[in-house]
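Spelled out from the first residue to the last, the chains are:
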Amino acid sequence: MNGQIVAGVLAPHPPHLVYAENPPQNEPRSEGGWEGLRWGYERLRKKLAETDYEVLVVHSPHWKTRTGTHVLAVPELSGLSVDPIFPNLFRYKFDLKVDVELARAIVAEGRASGLEMVPMENPAFRVDYGTIISCHLANPAWDKPIVAISSSSAHFDYSNEVGEEEMAKLGAATAKAIAKSGKKAVLLASNSLSHRHFTTEPELPEDMSKEHIYHHGQYLWDMKVIQLMKEGRTRELADLMPDFIDQALSECRDGCLSWMLAALGYPTFPAEVYAYGTVIGTGNAVVGWHPEDAMV
Ligand code: 2X7
Ligand code: FE2
């Protein structure tokens, strides 16, 4: 029963960040761009290289399930993942391993706490770009198995409050399953923060003279939320979440960050902010919670 969450990371997934890095798996080529965020991810990777862990557990906004929460439960998956909005930027050949045992344990704990949970067993499943991008940017070597969790529709079908309640349960169930597994896990919450974005793309997507926050109100919300993270005030952040979601059209509506904060037990120690930057006007922060650092 001594499994542990050794880090939790807010790890946003704009496809632009993978496009800008030109990894061999991604077909389109670029001249770079979004360096602030990409250098932040570099610093995160250095930190994770010093962290002893066996599995990445990711919650993605772009694996949207109609009913309940689904969890990848196929040992190996490969194929081509394409961003439906930006197929010009992201056409990525993925080849990944899944920790099916932990995936099934999360399903079982979720069900025990009253959630609708399903293991996803289709061997031809095309993994969504949110899952792939957050995992790629955190661990481009793909040398650890993942567990991927879908985004249920509770915030959209009912209300932010109902969705948040569900994420609190899902986070607690995830933490319980990890503790019982005896494994060391890193969690990835794949969402952006403020999420108003431009409706037209510059001719050259990586033309950084065109990149800026959508408007000042969105920026102020992002800074408020990041300040709470830096000060270890994650319960307050959880209380503010329904308003943040509505007023900043935040991608937190898909539940990733709320799931992760619940799994971490609402940390009161300061988070490490690796980067903040915009992508087509949306606010994105790379932020780490490292419980072992907080103990020294
Ligand atoms: O999915 C996304 C996103 N969340 C933010 C920015 C740009 C594109 O895709
Ligand atoms: Fe997204």
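Once a new chain begins, its residue numbering starts again from 1 and follows that chain's sequence as written. Ligands are numbered from 1 and chains lettered from A, in the order in which they are written. This being a predicted model, a pLDDT of at least 70 is required before a residue's local features are given, and a value of 80 or more before pairs of side-chain atoms are given or counted; all residues contribute to the totals for chains, interfaces and linings.

Considering the environment of Gly 163
And step 1. Structurally, the position occupied by Gly 163 is in helix α6 (residues 160-181).
And step 2. Working definition of burial: number of other C-beta atoms within 10 Å of the residue's own, with buried at 20 or more, exposed at 12 or fewer, and partly exposed in between, all C-beta atoms being placed from the backbone. Residue Gly 163 is classed as buried on the basis of its 25 C-beta neighbours within 10 Å.
And step 3. Taking the C-alpha atoms as reference, Gly 163 lies 22 Å from Arg 104; in sequence the two are 59 residues apart.
And step 4. Contact criterion: two residues are in contact if their C-beta atoms, reconstructed from the backbone, are within 7 Å. For Gly 163, the contacting residues outside a window of four places in its chain are Ala 154, His 155, Tyr 158 and Gly 255. The helix and strand labels rest on DSSP assignments: H or I over at least four residues marks a helix, E over at least two residues marks a strand, and numbering proceeds from the N terminus.

Structural notes on helix α3 (residues 100-112)
And step 1. Between the first and last C-alpha of α3 there are 18 Å, a value that for 13 residues agrees with the 18 Å anticipated at 1.5 Å per step.
And step 2. Those residues of α3 that sit buried are Leu 102, Ala 103, Ala 105, Ile 106, Val 107, Glu 109 and Gly 110.
And step 3. Contacts from the buried residues of α3 go to β2 (55-64), β3 (69-72), β6 (117-120), β7 (146-151) and α6. Helix span, expected: 1.5 Å multiplied by one less than the number of residues in the helix.

Focus on the packing of helix α7 (residues 216-230) against helix α8 (residues 234-247)
How two helices pack is summed up by the angle between their axes together with the distance between the axes.
And step 1. Angular values range over 0 to 180 degrees, each being the angle between N-to-C directions of two axes fitted as lines to C-alpha atoms, with helices fitted over their stretch in contact. Where α7 contacts α8, the axes come no closer than 10 Å and their chain directions differ by 165 degrees. By the criterion of interaxial angle, the relationship of α7 to α8 is roughly antiparallel. Relative to α8, the crossing made by α7 is left-handed. Residues Trp 221, Val 225, Leu 228 and Met 229 of α7 lie in contact with α8, whose contacting residues are Thr 234, Glu 236, Leu 237, Phe 244 and Gln 247. Small angles under 35 degrees read as roughly parallel and large ones over 145 as roughly antiparallel, with 65 to 115 read as roughly perpendicular and the rest as oblique. Less than a right angle of anticlockwise turn of the near helix away from the far helix marks a crossing as left-handed, whereas a clockwise turn marks it as right-handed.

Description of the environment of Gly 68
And step 1. Topologically, Gly 68 is positioned in the loop between β2 and β3.
And step 2. Sequence-wise, Gly 68 and Phe 125 are 57 residues apart; in three dimensions their C-alpha atoms are separated by 18 Å.
And step 3. In contact with Gly 68, other than residues within four places in its own chain, are Leu 115, Glu 116, Met 117, Val 118 and Ser 152.

As for the nonpolar core
And step 1. By size, the foremost hydrophobic cluster in this structure holds 83 residues, and its most contacted members are Val 9, Val 71, Val 147, Leu 187, Leu 188 and Val 286.
And step 2. Tallying contributions element by element places helix α9 (residues 256-263) first for this core, with 7 residues.
And step 3. Contacts of Val 286, omitting those with residues within four sequence positions, involve Leu 10, Ala 11, Pro 12, Leu 37, Gly 40, Tyr 41, Leu 44, Tyr 274 and Ala 275. A set of buried Ala, Val, Leu, Ile, Met, Phe, Trp, Tyr and Cys residues, joined to one another through C-beta atoms within 7 Å, is what we call a nonpolar core.

Let's talk about the packing of α6 against α9
And step 1. Closest axis-to-axis distance for the α6/α9 pair is 7 Å, and the angle between their directions is 45 degrees. The orientation of α6 with respect to α9, classified from their angle, is oblique. α6 and α9 meet at a crossing whose hand is right-handed. Residue-level inspection shows Glu 164, Met 167, Ala 168, Leu 170, Gly 171, Ala 172, Thr 174 and Ala 175 of α6 in contact with α9, the latter providing Ser 258, Trp 259, Met 260, Leu 261, Ala 262 and Ala 263.
And step 2. Ten residues, namely Ala, Val, Leu, Ile, Met, Phe, Trp, Tyr, Cys and Pro, are considered nonpolar, four, namely Asp, Glu, Lys and Arg, are considered charged, and the remaining ones, Gly among them, are considered polar. Classifying every residue of the contact of α6 with α9 by side-chain character gives 10 nonpolar, 3 polar and 1 charged.

Looking at the environment of Lys 180
And step 1. Along the chain, Lys 180 turns up in helix α6.
And step 2. We classify Lys 180 as partly exposed; it has 15 C-beta atoms within 10 Å.
And step 3. Separated by 160 residues in the primary sequence, Lys 180 and Ala 20 place their C-alpha atoms 39 Å from one another.
And step 4. Once residues lying within four places of it in the same chain are set aside, the contact partners of Lys 180 are Met 1, Gly 3 and Ala 105.

Brief notes about unusual backbone geometry
Of all residues except glycine, most have a negative phi; of all peptide bonds, most are trans.
And step 1. The phi torsion at Tyr 266 lies on the positive side, around 50 degrees, for a residue other than glycine.
And step 2. Take Tyr 266: there are 16 C-beta atoms within 10 Å of it, and that puts it in the partly exposed class.
And step 3. For Ile 280, which is not glycine, the phi torsion reads 40 degrees and is therefore positive.
And step 4. Take Ile 280: it is sitting in the loop between β9 (272-279) and β10 (282-289).

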